[in-house]
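Inside the fold
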Amino acid sequence: MTQPANAIPRAYEAGAVERRIYQNWWDSGYFAPHANPSGEPFCIVMPPPNVTGELHLGHALTASLQDALTRWHRMRGDPTLWLPGKDHAGIATQWVVERALADEGTNRHDLGRDAFEQRVWEWVERYGNTIDEQHRRLGASCDWSRLRFTLDPGPVRAVRTTFVNLFSKGLIYRHERIINWCPRCATALSDLEVDYEERDGKLYYIRYPLADRADDYVTVATTRPESMLGDTGVAVHPDDERYQDKIGRMTLLPIVGREIPVVGDPAIEIEFGTGALKVTPGHDVVDFEIGERHGLPIVNIIGFDGCITDAAGPKYAGMERFAARAAVAEELEALGLLERVEDYHHAVGQCQRCSEVVEPLISLQWFLNVGQHTDPNSIAGRAYAAVANGTIEIVPERFTRVYLNWLENIRDWCISRQLWWGHRIPVWYCADCGGFAAHVEDPTACEACGSAAIQQENDVLDTWFSSGLWPHSTLGWPEEGSDDLSEFYPNSVMETGYDILFFWVARMIMLGIENTGQIPFRSVYLHGMVLDAEGQKMSKTRGNTLDPLDLLEQYGTDALRFALTTGTAPGNNLRLSDEKLESARNFANKIWNAARFVITAIEGRNDLDDWHDLIAPEHREDRWIVGRLDALTAAVNESLAEFELGEAQQKLYDFVWNDFCDWYIEMAKVRLRDGDSGAAVTLVHVLERSLRLLHPFMPFVTEEIWQNLTSRVPAPAEGLPPSIMVADYPQVRSVRSAPDAESEMDVVMQTIRAVRNIRAQLRIPAAQRLEAAIETNGLRTVVEEEREAIRVLARVEPLRVLDGDAAQSAAGVSLVVNPLVVRLPLAGIVDLDAESQRLDQELENTRRNQERVEQLLANAKFVSKARPEVVEKERERLHSLTEQRERIEDIIAQLSA
RNA sequence: GGGCGGUUAGCUCAGAUGGUUAGAGCGUCUGCUUUACACGCAGAAGGCCGGGGGUUCGAGUCCCUCACCGCCCA
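Described below are features of the structure shown in this document.

Rules of the game
- Residues numbered from 1 in each chain as written.
- Chains lettered and ligands numbered in written order.
- Predicted model: local features only at pLDDT ≥ 70, side-chain atom pairs only at ≥ 80, totals over all residues.
- Heavy atoms only, no water.
- Helix = DSSP H or I, 4+ residues; strand = E, 2+ residues; numbered from the N terminus.
- Buried < 20%, exposed > 50% of the residue type's maximum accessible area, 1.4 Å probe, protein only.
- Contact = heavy atoms within 4.5 Å.
- Areas by Shrake-Rupley, 256 points an atom, 1.4 Å probe, with all protein chains shown as cover.
- Core = buried A, V, L, I, M, F, W, Y, C linked by side-chain atoms within 4.5 Å.
- Near = heavy atom within 4 Å.
- Polar contact = N/O pair within 3.5 Å; in protein donor to acceptor, adjacent residues only side chain to side chain.
- Phe/Tyr/Trp six-rings, centres within 6.5 Å; stacked < 30°, edge-to-face > 60°.
- Lys NZ or Arg CZ within 6 Å of the ring centre and 35° of its normal.
- Pairing = 2+ DSSP bridges.
- Axes fitted to C-alpha atoms, helices over the stretch in contact; angles between N-to-C directions.
- Salt bridge = Lys/Arg side-chain N within 4 Å of Asp/Glu carboxyl O.
- 1 Å grid on protein atoms, 1.4 Å probe; cavity = no way out; pocket = protein on both sides within 12 Å on 5 of 7 lines; lining within 4 Å.
- Points joined across faces, edges and corners; volume = space filled by probe spheres on them.

**Observations regarding the overall build of chain A**
On a plain count of helices and strands, chain A comes out with 28 helices and 29 strands. Based on the C-alpha atoms only, the size of chain A along its principal axes is roughly 115 × 65 × 55 Å. Every one of the 897 residues in chain A was classed for burial, and the buried ones make up 55%. Considering only contacts within chain A whose residues lie at least 6 apart along the sequence, 77% involve residues at least 24 apart. Working note: accessible area of chain A is about 38900 Å², and carbon and sulfur atoms make up 47% of it.

Right, dumping it as structure tokens:
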């Protein structure tokens, strides 16, 4: 139902249209991929947000970018799939639910594993859909019928299959090794899940007396004195002259009374502390390695609960580790063995999830052997090669190096977590024969001895293990003959934040190649972080978060999307401010009002048949704007192909606001008054194409206008699609280039600007009538034909057009817009002196400019070495400047005559 | 310790492959109820492109170096 043009609101009211439009898209089935043999399948799999999470600006950014790419490809006719999903997010979700339990005064152990899992599932039911709804508010055109959850049967099967395969190859293994342990979450963490934060601490200098000479000692420096309870050695650099006599001798570990050796190890930094390092193989990764090299025993003195164990002796057993730190220091002090304590600023590892200080300790865990990046057959090696040889492209390119560096230093991945929420490791232990095996399907008996006394492993897998399968597990792998898998794998693009390059992107590449023999995606597009207006990271604790839903209510979804993705380059962080959002909202409103004008202008017309293709417009202004439109179309497509979405949008903004609204529409008004039908047709044509170009970025306002507009114009012979989102994305097939129109319009616009400028300078009110005469100097036809445009836009009345060099009184002001000269007889407003001063200044500028170009062209090296077209351009410039100079000189001569 | 990014207008940022007198938004100043839009129109001011050196006919752009800010890895 079309409303009358005058009923269209003056300002774009986003809230009123968005839900209706989205519902309509969904009901029409546009989000599902549509087969097209001539298109190339395009697929983005959405980075699955945490199932209990809420949308934040990072999600809004990622969704805006993915939706834009998706809509672009869909409009190009590619079979397009944007597959949405959600992540069970093991440790994060468990942490959230455990906190809720704590508020209720209970905990997961009281509940028991089954009840706890049940409890988490309830959370998932309750909160799991909010983020989907929020994505819909953002206009995300993903195919909700394919929504996947990491704990769905398909992905579960993918996880188990992967595990079993890797287990059978011997690449997944169980081993006792030093790992990062979070005492609060009570689980092992991977190296990546530990964040290092600089903290103020102390450096304790402790004397370890020699076992055979109580008056001699080695002083060690440590930030964790309590760990000395587990020391089994002291290490110094083998070349350190201070300790030559100590290496190989025994020291007596204070408090504990254990005799431990002094060993020489090249890993020790001579400069640090005293150059002597106490070695605690059970609680430090570096010490663990030193211990291995020298066969030092391991003593575990800190338990999984973060308390000192019995192994440290009865005095400290059971004491919390930080209490023990103070107590040990105190006792050493009392023993006279604490030499000194210094303030010391150092990095402390903490749990990414709960910020608890992590404790390195020895534990039995499951690992994935990823091998070395140099081994072309290893998991890491293949993931390395895929990026190194360009099979996978990372945008922006600089992250390629970051990715490769990480793989160069990669270690085996600790994949087991002592959590209850997640993919339980599919390994069963037999109580009778002691064997164990991995299975895709739950077994009923031990495969070795047939005993039914089997029990599944308690640990679950690192969340990133299942996310690492996402590009193929969501498409049906490992099922044979999955259509989606063959159509959309490898995915086209993986769009995500650079902060999870290692966590996720690298794992997807490793596991994707491992499982399918193919790369998971062709391109990785990394976006930056959304910061607040002050450049601070947004966080709940800082209290500087902005809720995307609030912003989209306030400014409109299109404005939010535009603000998030314009004015930033790939991989760069962006600051979001009210100003940016306002500017985007203003742009949406500008488009809205331009459309309102066009719709009003075409009301009641029946001469618009050609609007859709507009192959060869005749009028200069039409040829100009259509030429600009084609150039824009090519540039936008090019930018999109290079993932330069910000640039594409900037170009659209400039074109719509400057070329179309400020110039074309204003000039068209003049012609419309004269009943020119070409202007009306061109207005519709340019507006409609601009809407299509803009649609991937601003889906709602463009759809609303597009429906309004197309319902009022005759349909082209081939018909019109029912929605802009399934219309063709404009492409330039044969350029309607118009270089003559471009340069002629340039003179016209410059002339108008020159008059406006002088008017402002001389403070002549806009309403005051201003006579003008233009000397055409060879451009008579152009000036005659654009006379009305110039007259109205420059507000000159009357406007006379003079032949070439027709002598003219120099009284007043003369503006040189080469080759034109605009005469404004402003006698009484401008006196002769002022005008000749102005002209002298003008002449000086021109002269300087001319000299610069002359010098350039006089330089033989420039002429011989620069590209010919550059030289030619300079020659033309010189010609024009010379002409301009002569004209100014003529006027000055007339003035003084 | 290694690596990466940043340093461009008052503020926030763009500036393929080196090529006019370096751009935008916001802000500032001056005008304007011009019948699409004051979420607007017209005009203006404002930049040794962080410092130094180099390559080149020509450098914001390439190379070296220094400084400061931020990030990643150890």
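**Considerations on the nonpolar core**
Core analysis: the biggest nonpolar cluster contains 133 residues, and Leu57, Trp624, Phe660, Phe697, Met698 and Leu824 have the highest contact counts within it. At 13 residues, the largest contribution of residues to this core is made by helix H20 (residues 645–673). The residues touching phenylalanine 697, leaving out its near neighbours within four places in the chain, are Ala68, Arg561, Leu640, Leu645, Ala648, Gln649, Leu652 and Tyr729. By size, the runner-up hydrophobic cluster in this structure holds 60 residues, among which are Ala386, Leu475, Tyr489 and Leu501.

**Remarks on the protein's contact with RNA strand B**
Surveying the vicinity of RNA strand B reveals 43 residues, the closest of which are Asn593, Asn849, Arg852, Lys865 and Arg877. Within 4 Å of the protein, the atoms of RNA strand B are drawn from sugar and phosphate moieties in a proportion of 66%. Measuring from a phosphate oxygen of RNA strand B, one finds a side-chain N or O atom of tryptophan 657 at 2.7 Å. Here a sugar or linking oxygen of RNA strand B sits 3.5 Å away from a polar atom, N or O, in the side chain of arginine 756.

**As for the packing of aromatic side chains**
Enumeration over the complete set of coordinates arrives at 28 aromatic pairs. Taking 5.2 Å as the distance between ring centres and 45° as the angle between the ring planes, the aromatic pair formed by tyrosine 12 and tryptophan 592 counts as tilted. Residue tyrosine 12 is located in the segment before helix H1 (14–27), and its partner tryptophan 592 is located in helix H18 (residues 578–601); the two are separated by 580 residues in the primary sequence. Members of the aromatic cluster, connected to one another through ring pairs, are Tyr22, Trp25, Trp26, Phe31 and Phe700. The lysine or arginine in question, arginine 177, covers the ring of phenylalanine 367, its NZ or CZ lying 4.6 Å from the ring centre.

**Regarding the sheet that holds strand S10 (residues 250–252)**
Overall, mixed pairing links the four strands, which are arranged S10-S11-S9-S12 in an open sheet. Both outer strands of the open sheet, S10 and strand S12 (276–279), are each paired with one neighbouring strand and no more. Looking at each pair of strands side by side, their axes are set apart by 30° on average, direction ignored. Looking at chain direction, strand S9 (residues 233–236) and S12 are connected through four bridges and run antiparallel. Directly across from glycine 233, in S12, lies its bridge partner valine 279. Seen against the sheet, helix H8 (residues 285–294) touches S9, strand S11 (259–264) and S12 and runs at an angle of roughly 85° to S12.

**Overview of the pairing of strand S8 (residues 217–222)**
Of all six residues in S8, five are buried; the element is thus mostly enclosed. Of the pairings in the sheet, the one linking strand S7 (residues 194–209) to S8 comprises six bridges and is antiparallel in character. Within S8, the residue paired with tyrosine 208 across the bridge is valine 218.

**Description of the environment of valine 328**
Among the structural elements, valine 328 can be located in helix H9 (residues 321–335). When neighbours within four sequence positions are excluded, valine 328 is seen to be in contact with Pro225, Glu226, Met228, Leu229, Ile255 and Tyr316.

**A closer look at the side chain of histidine 423**
One can find histidine 423 in the loop between strand S17 (416–417) and strand S18 (427–430). Owing to a relative accessible area of 5%, histidine 423 belongs among the buried residues under this scheme. When residues no more than four places from it in sequence are discounted, the contact partners of histidine 423 are His88, Thr150, Leu151, Pro155, Val156, Val159, Asp459, Val460, Leu461 and Ser466.

**Points about the sheet that holds S8**
The three strands are arranged S8-S7-S13 in an open sheet whose pairing can be described as antiparallel. Unpaired on one side and paired on the other, S8 and strand S13 (338–351) mark the two borders of the sheet. On average, each strand axis in the sheet is tilted by 20° relative to the strand beside it, whichever way the strands run. Pairing between S7 and S13: 13 bridges, direction antiparallel. Bridge pairing in S13 links tyrosine 205 to arginine 340.

**Concerning the pattern of salt bridges**
A complete count under the given rule lists 64 salt bridges for this structure. Across the pair arginine 20 and glutamate 704 runs a salt bridge whose closest N-O atoms are separated by 3.3 Å. Here arginine 20, found in helix H1, pairs with glutamate 704, found in helix H22 (residues 699–710); they are 684 residues apart in sequence, far enough to count as distant. For arginine 20, a relative accessible area of 47% translates into the label partly exposed. In this structure glutamate 704 comes out as buried when scored by relative accessible area, which is 11%. The closest approach of N and O atoms between arginine 791 and glutamate 788, which form a salt bridge, is 2.7 Å. With arginine 791 and glutamate 788 both in helix H25 (residues 787–794) and three residues apart, this pair spans about one turn of that helix. The exposure class assigned to glutamate 788 is partly exposed, which follows from its relative accessible area of 29%. Among the charged side chains, a salt-bridge network with shared partners connects Arg184, Arg224, Asp284, Arg321, Glu356 and Glu359.

**As for empty space enclosed by the protein**
All chains considered together, the criterion is met by five cavities of 30 Å³ or more. Approximately 110 Å³ is the volume found for the largest cavity. Along its surface, the largest cavity is lined by 17 residues, and Leu65, Tyr525, Thr568, Ala569 and Pro570 are the ones closest to its centre. Of all the secondary structure elements, the ones that give two or more residues to the lining of the largest cavity are helix H2 (57–75), strand S23 (521–527), helix H17 (557–565) and H20.

**Quick word on the environment of aspartate 231**
Mapping aspartate 231 onto the fold places it in the loop between S8 and S9. By relative accessible area, aspartate 231 is classed as buried at 0%. Sequence-wise, aspartate 231 and glutamine 761 are 530 residues apart; in three dimensions their C-alpha atoms are separated by 84 Å. With near-sequence residues (within four places) excluded, aspartate 231 lies in contact with Tyr208, Leu253, Arg258, Ile260, Lys278, Val279 and Thr280. Here the side chain of aspartate 231 touches tyrosine 208 through a polar contact of 2.6 Å, side chain to side chain. For aspartate 231, the side chain forms a polar contact with the side chain of threonine 280, separated by 2.6 Å.

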